[in-house]
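The primary structure of each chain is shown beneath.
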Protein chains: 2
Amino acid sequence: MKRIMLPLAVVAALAGMVVSLGPASGQTDKQTAPAFVTTIPDGYRDWRLISLSHEAGNLNSLGAMLGNDVAIKAYREGTLPYPDGTIIAALHYSHAASEENDKIFGRPQSFTPGAPTNTQFMVKDSVKYAATGGWGFGFFIDGKPVDEAQMKSCFPCHAREKARDLVFTHYAP
Amino acid sequence: MKRIMLPLAVVAALAGMVVSLGPASGQTDKQTAPAFVTTIPDGYRDWRLISLSHEAGNLNSLGAMLGNDVAIKAYREGTLPYPDGTIIAALHYSHAASEENDKIFGRPQSFTPGAPTNTQFMVKDSVKYAATGGWGFGFFIDGKPVDEAQMKSCFPCHAREKARDLVFTHYAP
C-alpha cells in the first residue's frame, strides 16, 4: 500500500506546484494586458440558478444566470467580494414568441428561449485576473470564444458596478 | 449495535408500508376527485434549470423552470411520458424594470425578477394523480397552497398539451 501511496503523494505535490505556479507564469511586475476566459468551464449547465433576465431593445434576450457551488454559497451568504473560485455563467437565448403557448393561452403573451445567442462567464481569480478587478471574463458564441476586441468590452461595463464586486445579477429567492 | 439496528429496520419497514399505502388510501374504484400537491417539495431551489419564460400581458411574469434529477434525465433523454417521480418547479416573479441595470446600459432595456408571485409544481405519480393525467399540480403563493378552485385551474389548461405529456416547457440547451 505504501508503494502506491508514496508516488501518489509526490504526484499530488508536483501537481500542486504546477497549479500554484500557473497564475504567476507570464505575469510581469505590472500586469497590464487583461487575461480572458477562453475555455468553457466544465459542467456549467448543471449549476444552480442565480437569477434570470430579459434584455429588451437590440439585445432581445432571455437569460439565465447559473453559479457553481462557490458562487451560490457566496450569493446566499451575501459574501462580498466574491471569493476566488466563484464562477457565474450567463446563458443567453433569443427572446422568442412561443406560438405553441400562445395558442393554448388564447392570446399572444408567451416568450421562451429561442436559439442560444451566447454564453458568458465571470471567473474570480484575484491573482490571475488582477488587471480586471479579479474577474476573468469569457464570451462564447456557438461554443467558441469571441475575439479579443469583444472580450475586452466586458470589463469596462462591469467595472461600473463596483459596489457589488462588478456583478450585476442579484439572487432570485 | 444489533439492539439499535433491529428496531430501526422495523421502523423503516413500517414507514415503507405507510408510504406505499399512502397513494391508495382514499381512492375509490373510479377516482374522480383530483388530488393536488399541497406540500412544497424539499430542496427545489437547488434543482437544475430546465428553461425560462416571460409571460407578457396580464401575467407580466418572469419564470424559471427547474427539475429534479428524474425530470432533468427525462428531458435530456427525451423520455415521454415523463416517469413517475418527475417533479417540475416553476418559479415566477414579477417582470420588473431594473433601474440599476438601465443606468449602467444607458437605456431602458433590462428586466429582472421582481417580487416572487407564485411557485408551481407538477409532480408525476400515475397512480396518485390518475384523475389528472398522472400529474399532481401544486400552486403556492407566499409558500402557502392556493384554494381548490385555483388548484383546479391548472389541469384543464395543461391537458391541451397532450402530445408532450401535459408539459409546456421545452428544455433550453
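For the structure, check the block above.
In this text the structure is predicted, and so the values were computed from the model without any measurement.

**Student:** Any details on the interface of chain A and chain B? Residues and values, ideally.
**Tutor:** Counting residues at the interface gives 32 residues for chain A and 32 residues for chain B. Those elements that provide at least two residues to the side of chain A that touches chain B are β1 (48–55), β2 (61–67), β3 (87–97), α3 (99–105) and β4 (110–124) of chain A. In terms of residue count, β1 of chain A provides more of the side of chain A that touches chain B than any other element does, seven residues in total. Residue composition of the side of chain A that touches chain B, by class: 16 nonpolar, ten polar and six charged. Here β4 of chain A runs beside strand β1 (residues 48–55) of chain B; their pairing, made up of two bridges, is antiparallel. When the sheet's bridge partners are listed, Ser110 of chain A is paired in β1 of chain B with Glu55 of chain B.

**Student:** So, the relation of the copies chain A and chain B: which residues are in play, and what are the values?
**Tutor:** Once chain A is rotated about the relating axis by 180° and shifted along it by 0.0 Å, it coincides with chain B to within an RMSD of 0.0 Å. The superposition operator between the copies reduces to a two-fold rotation axis. Of every C-alpha in chain A, the one belonging to Arg48 of chain A sits nearest the axis of rotation, 2.8 Å from it. Of all interface residues in chain A, 100% are interface residues in chain B too; the two copies therefore contact each other through one and the same surface.

Procedures and definitions
- Per-chain numbering applies: the sequence of each chain, read as written, is numbered from 1 onward.
- All chains are assigned letters beginning with A, and all ligands numbers beginning with 1, in the order in which they are written.
- pLDDT decides what is reported in this predicted model: residues at 70 or higher carry local features, side-chain atom pairs at 80 or more are listed and counted, and totals for whole chains, interfaces and linings draw on all residues regardless.
- Here, residues touch in the contact sense if the C-beta positions derived from the backbone fall within 7 Å of one another.
- Counting from the N terminus, the helices are the DSSP runs of H or I reaching at least four residues and the strands are the DSSP runs of E reaching at least two.
- Gly counts as polar in this scheme, as do all residues outside two lists: the nonpolar Ala, Val, Leu, Ile, Met, Phe, Trp, Tyr, Cys and Pro, and the charged Asp, Glu, Lys and Arg.
- For two strands to be treated as a pair, DSSP must find at least two bridges joining them.
- Superposing the copies works by least squares over the C-alpha atoms of residues that have pLDDT at least 70 in both of them.

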